[in-house]
Amino acid sequence: MFLSAATAAGVRERFGTPCYVYDRATLEASARNALSFPNAFGFTLRYAMKANPNHAVLRLFLDLGLHIDASSDHEVERALRAGFQPGKIQLTSQAPSKNLKAHVERGVLYNACSLRQLENFGEAFPGREVSIRVNPGLGSGSTNRTNVGGPGSSFGIWHEHLGEARELAGRHGLRITRMHSHIGSGTDPVVWKRCARMSLGIAGQLPEVKVLNLGGGFKVARVPGEKSTDLQDVGENLRQEFVEFRQRTGRALHLEIEPGTALVANAGCIVATVIDVVDTGKDGYLFAKLDTGMNEVTRPSLYGAQHPIDVVTAEERPLAKTVFVGPCCESGDILTPAPGDPEGLGPRDVPRPKIGDLVVVGGAGAYCAAMSTINYNSYPQAPEVLHDDGSLRLVRRRQTFEQVLQNEVSE
Ligand SMILES: *Cc1c(COP(=O)(O)O)cnc(C)c1O
């Protein structure tokens with residue numbers, strides 16, 4: 001954990017709770033680790049900005065030379081405003097772009113994720129180079145909800161429809177020079193490697209492909225017992241596959257990966273306060289109610305995801321098995337689901353919590369602020385703070401109550 005007890009207390013004093021905190025040094029270290037990904041014939045690291053699109057994170061990654069994977073027109077705009085050159089941004093979206101012409105004319109790269117998207121691109125830009133996203137036929141995620149490959153996933157062009165993609169490209173004079181696949185989040189590294197091989201096989205059928213983007217999905221351990229994917233190991237395996245691909249086909253492919261989680265997950269936490277402690281008797285549970293929950297960290301409610309939770313106290317206290325819950329009137333607003341059973345309760349052994357205790361929820365840098373159920377129960381959106389070597393800088397203010405209401409129209 002990057003926050004000392006004193007700094008966590010300082011966060012509460014200056015910004016109130018709940019409050020997101022991101023650590024500059026951890027962000028930089030994970031980006032540098034990913035930048036050293038082994039490769040045979042060139043490498044580009046894209047940041048999947050949907051994991052955490054705060055401008056402070058984007059600016060740091062811009063300075064470190066990362067490129068961007070944007071998942072919507074709005075993310076393209078956000079990356080441009082953060083200072084990324086259009087040519088460093090690639091749009092990979094479930095939704096057909098509403099600004100396709102403007103984006104592509106200024107140099108943003110486009111990754112067609114369906115036959116219809118490819119057709120739209122061909123009509124607007126005949127004769128151009130384009131990327132296609134392929135569903136290689138297999139996927140893997142930490143849960144089915146985070147699996148975006150295989151027959152149960154709508155993401156990308158199904159691998160058996162490659163002929164149609166080529167025909168469509170041919171009709172518009174498009175050259176498919178880049179290929180992309182991304183098969184899930186929290187992917188099993190063995191499946192990741194297998195899918196990488198399958199994607200190389202598909203690239204073999206697309207003779208003009210020069211760049212192969214294998215997406216993100218690298219696992220990050222947030223709590224003990226989970227295992228992070230070793231990027232060096234996956235990269236070395238891939239390097240050899242790329243070398244063999246060249247021996248077979250004579251083609252040296254440029255590699256891209258686009259992690260989100262691996263770059264930011266453990267660089268963020270939420271500083272929160274225990275607002276109540278209740279129990280349900282001798283055969284029941286001890287509950288600590290926090291002022292944070294599904295509104296700031298939805299992943300436990302949504303996927304049964306596990307996040308570390310520390311009760312910050314200098315006192316000697318007995319450990320107590322505690323279920324942590326959030327402040328919303330919703331039984332699913334729970335921070336400690338049972339591991340492997342999202343609907344069960346997973347009490348944690350922590351110093352017995354008291355009202356007013358400071359609590360730090362870890363592993364909250366990815367898909368937390370970015371993917372929160374904001375304003376449920378009318379709680380305002382929490383602020384975001386950048387921690388840099390002991391100093392704290394507000395990078396997004398807490399939403400005001402007036403802002404919660406600002407778009408309501410009264411008669
Ligand atoms: C979400 C996403 C990523 C990043 O996934 P992580 O599991 O956070 O690494 C990369 N590429 C695409 C296309 C995505 O949708």
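Positions within a chain are numbered from 1, following the residues in the order the chain's sequence is written. Reporting of local features is limited, given that this is a predicted model, to residues whose pLDDT is at least 70; pairs of side-chain atoms are given and counted only at 80 or more, and all residues count toward the totals for whole chains, interfaces and linings. To get the side-chain values, all heavy atoms of the structure are used, and hydrogens and water are removed first.

**Focus: the site of the ligand**
Phase 1 of the analysis: Near is defined per residue: the residue qualifies when any heavy atom it owns lies within 4 Å of the molecule or strand. Lys50, Ser185, Gly217, Thr261 and Tyr367 are the nearest of the 15 residues found near the ligand.
Phase 2 of the analysis: One nitrogen or oxygen atom from the side chain of Lys50 is found 2.7 Å from an oxygen atom belonging to the ligand.
Phase 3 of the analysis: Polar contacts, as used here, are pairs of N or O atoms within 3.5 Å; protein pairs need one atom able to donate a hydrogen and one able to accept it. Residues neighboring in sequence count only if both atoms are side-chain atoms. Tyr367 places a polar side-chain atom, nitrogen or oxygen, 2.6 Å from an oxygen atom of the ligand.
Phase 4 of the analysis: Lys, Arg, Asp and Glu make up the charged group, whereas Ala, Val, Leu, Ile, Met, Phe, Trp, Tyr, Cys and Pro make up the nonpolar group; the residues left over, Gly among them, are polar. In terms of residue class, the shell around the ligand is made up of 3 nonpolar, 8 polar and 4 charged.

**Examining the pairing of strand β4 (residues 89-92)**
Phase 1 of the analysis: The side-chain alternation of β4 yields two buried faces, one formed by Ile89 and Leu91 and the other by Gln90 and Thr92.
Phase 2 of the analysis: Strand direction decides the pairing type here: strand β3 (residues 67-70) and β4, joined by 3 bridges, are parallel. In the strand pairing of β4, Asp69 is matched with Gln90.
Phase 3 of the analysis: After leaving β3, the chain enters helix α4 (residues 73-82) and then returns to the sheet as β4, a path that is right-handed.
Phase 4 of the analysis: Pairing geometry for β4 and strand β5 (residues 109-112), over 3 bridges, is parallel. If you follow Gln90 over to β5, its bridge partner there is Leu109.
Phase 5 of the analysis: A crossover links β4 with its parallel partner β5, the connecting element being helix α5 (residues 100-106), and its sense is right-handed. Burial classification: accessible surface area is computed with a 1.4 Å probe over protein chains only, and a residue below 20% of its type maximum counts as buried, one above 50% as exposed, and the rest as partly exposed. Here a strand is any run of E in DSSP of at least two residues, a helix any run of H or I of at least four, and the numbering for each starts at the N terminus. One bridge is not enough; two strands pair if DSSP finds at least two bridges between them. Crossover handedness is defined by viewing with both strands directed away from the observer: a clockwise path from the first strand over the helix to the second marks the crossover as right-handed.

**A look at the pattern of salt bridges**
Phase 1 of the analysis: Salt bridges are defined as contacts in which a side-chain nitrogen from Lys or Arg sits within 4 Å of a carboxyl oxygen from Asp or Glu. Following the criterion strictly, the structure yields 18 salt bridges and no others.
Phase 2 of the analysis: For Glu77, the salt bridge goes to Arg81, with nearest N and O atoms at 3.3 Å. Here Glu77 and its partner Arg81 are both found in helix α4, 4 residues apart, which amounts to about one turn of the helix.
Phase 3 of the analysis: With relative accessibility at 69%, the residue Arg81 sits in the exposed group.
Phase 4 of the analysis: The closest approach of N and O atoms between Arg197 and Glu241, which form a salt bridge, is 2.7 Å.

**Section: helix α3 (residues 55-63)**
Phase 1 of the analysis: Listing the buried residues of α3 in full gives Ala56, Val57, Leu58, Leu60, Phe61 and Leu62.
Phase 2 of the analysis: A distance of 2.8 Å separates the backbone nitrogen of Ala56 from a side-chain oxygen at the start of α3, and that oxygen is part of Asn54.
Phase 3 of the analysis: At the exit of α3 stands Gly65, carrying a positive phi of roughly 90 degrees.

**Comments concerning the domain arrangement of the chain**
Phase 1 of the analysis: What the domain assignment reports for the chain is domain 1 (24-264) and domain 2 (265-405).
Phase 2 of the analysis: Domain start and end points were adopted from an automatic or database domain assignment. A separation of 32 Å is found between the C-alpha centroids of domain 1 and domain 2.
Phase 3 of the analysis: Two residues qualify as a contact provided that any one of their heavy atoms is within 4.5 Å of a heavy atom in the partner residue. Of the residues lining the interface, 22 residues belong to domain 1; the matching set on domain 2 comes to 21 residues.
Phase 4 of the analysis: Once two parts are put together, the accessible area they lose, assessed with a 1.4 Å probe and summed over both, is termed the buried area. Here domain 1 meets domain 2 over a buried area of about 1,800 Å², counting both sides, of which 55% is carbon and sulfur.
Phase 5 of the analysis: When the area that domain 1 buries against domain 2 is broken down by residue, the three leading residues are Arg24, Arg222 and Val264, summing to 33%.
Phase 6 of the analysis: Across the domain 1-domain 2 interface, the total number found is 1 salt bridge.
Phase 7 of the analysis: In this structure, Asp388 and Arg24 form a salt bridge, with 3.3 Å as the shortest nitrogen-oxygen distance.
Phase 8 of the analysis: Counting every contact that joins domain 1 to domain 2 gives 11 residue pairs in polar contact (both at pLDDT 80 or more).

**Some details on the packing of helix α6 (residues 115-124) against helix α7 (residues 162-171)**
Phase 1 of the analysis: All axes here are fitted lines through C-alpha atoms, helices being fitted over the stretch that makes contact, and every angle between N-to-C directions spans 0 to 180 degrees. Direction vectors running N to C along α6 and α7 enclose 10 degrees, while the axes themselves pass 9 Å from each other. The angle between the axes of α6 and α7 places the two elements in the roughly parallel class. On the side of α6, the interface is formed by Leu115, Leu118 and Glu119, while α7 contributes Glu164, Ala165, Leu168 and Arg171.
Phase 2 of the analysis: A class-by-class count of the residues in the contact of α6 with α7 yields 4 nonpolar, no polar and 3 charged. Throughout this description, any angle smaller than 35 degrees is read as roughly parallel, any larger than 145 degrees as roughly antiparallel, any in the 65 to 115 degree range as roughly perpendicular, and the remainder as oblique.

**What about unusual backbone geometry?**
Phase 1 of the analysis: A cis amide bond links Thr17 to the next residue, Pro18, at an omega of -5 degrees.
Phase 2 of the analysis: Topologically, Pro18 is positioned in the loop between α1 (5-15) and β1 (19-23).
Phase 3 of the analysis: In the Ramachandran plot, Asn377 falls in the positive-phi region, its phi being about 60 degrees despite a non-glycine side chain.
Phase 4 of the analysis: Mapped onto the elements, Asn377 comes out in the loop between β18 (358-361) and β19 (384-388).
Phase 5 of the analysis: On the basis of relative accessibility, which here comes to 30%, the residue Asn377 falls in the partly exposed class.

**Let's talk about the nonpolar core**
Phase 1 of the analysis: For this analysis, a nonpolar core means a set of buried residues of the types Ala, Val, Leu, Ile, Met, Phe, Trp, Tyr and Cys, connected via side-chain atoms within 4.5 Å. Residues Leu27, Tyr47, Phe61, Ile68, Ile89, Ile132 and Val264 are the most contacted members of the largest nonpolar core, which totals 90 residues.
Phase 2 of the analysis: The element contributing the most residues to this core is α3, with 6 residues.
Phase 3 of the analysis: Both domains that furnish three or more residues to this core are identified here as domain 1 (24-264) and domain 2 (265-405).
Phase 4 of the analysis: Each residue touching Phe61, except ones within four places of it in the same chain, is listed here: Leu27, Ala31, Tyr47, Leu66, Phe84, Leu263 and Val264.
Phase 5 of the analysis: In terms of nonpolar packing, the next biggest core, distinct from the first, is built from 13 residues, Phe2, Ala8, Phe15 and Val385 among them.

**Comments concerning the side chain of Asp23**
Phase 1 of the analysis: Take Asp23: it is sitting in strand β1.
Phase 2 of the analysis: Lys and Arg are tallied as positive, Asp and Glu as negative. Neither His nor the chain termini are counted. Within the buried set, Asp23 has no salt-bridge partner at all; the shortest N-O distance to an opposite charge, 7.3 Å, is to Arg24.
Phase 3 of the analysis: Sequence-distant contacts of Asp23, that is, excluding residues within four places in its chain, are made with Phe2, Ala267 and His387.

**So, the pairing of strand β10 (residues 254-257)**
Phase 1 of the analysis: One ladder, built from 3 bridges, connects strand β2 (residues 43-48) with β10; its direction is parallel. In the sheet register, Phe43 faces β10, and the bridge partner there is Leu255.
Phase 2 of the analysis: The sheet contact formed by strand β9 (residues 211-213) and β10 spans 3 bridges and is parallel. If you follow Val211 over to β10, its bridge partner there is His254.
Phase 3 of the analysis: The parallel pair β9 and β10 is bridged by helix α9 (residues 231-249), and the resulting crossover is right-handed.

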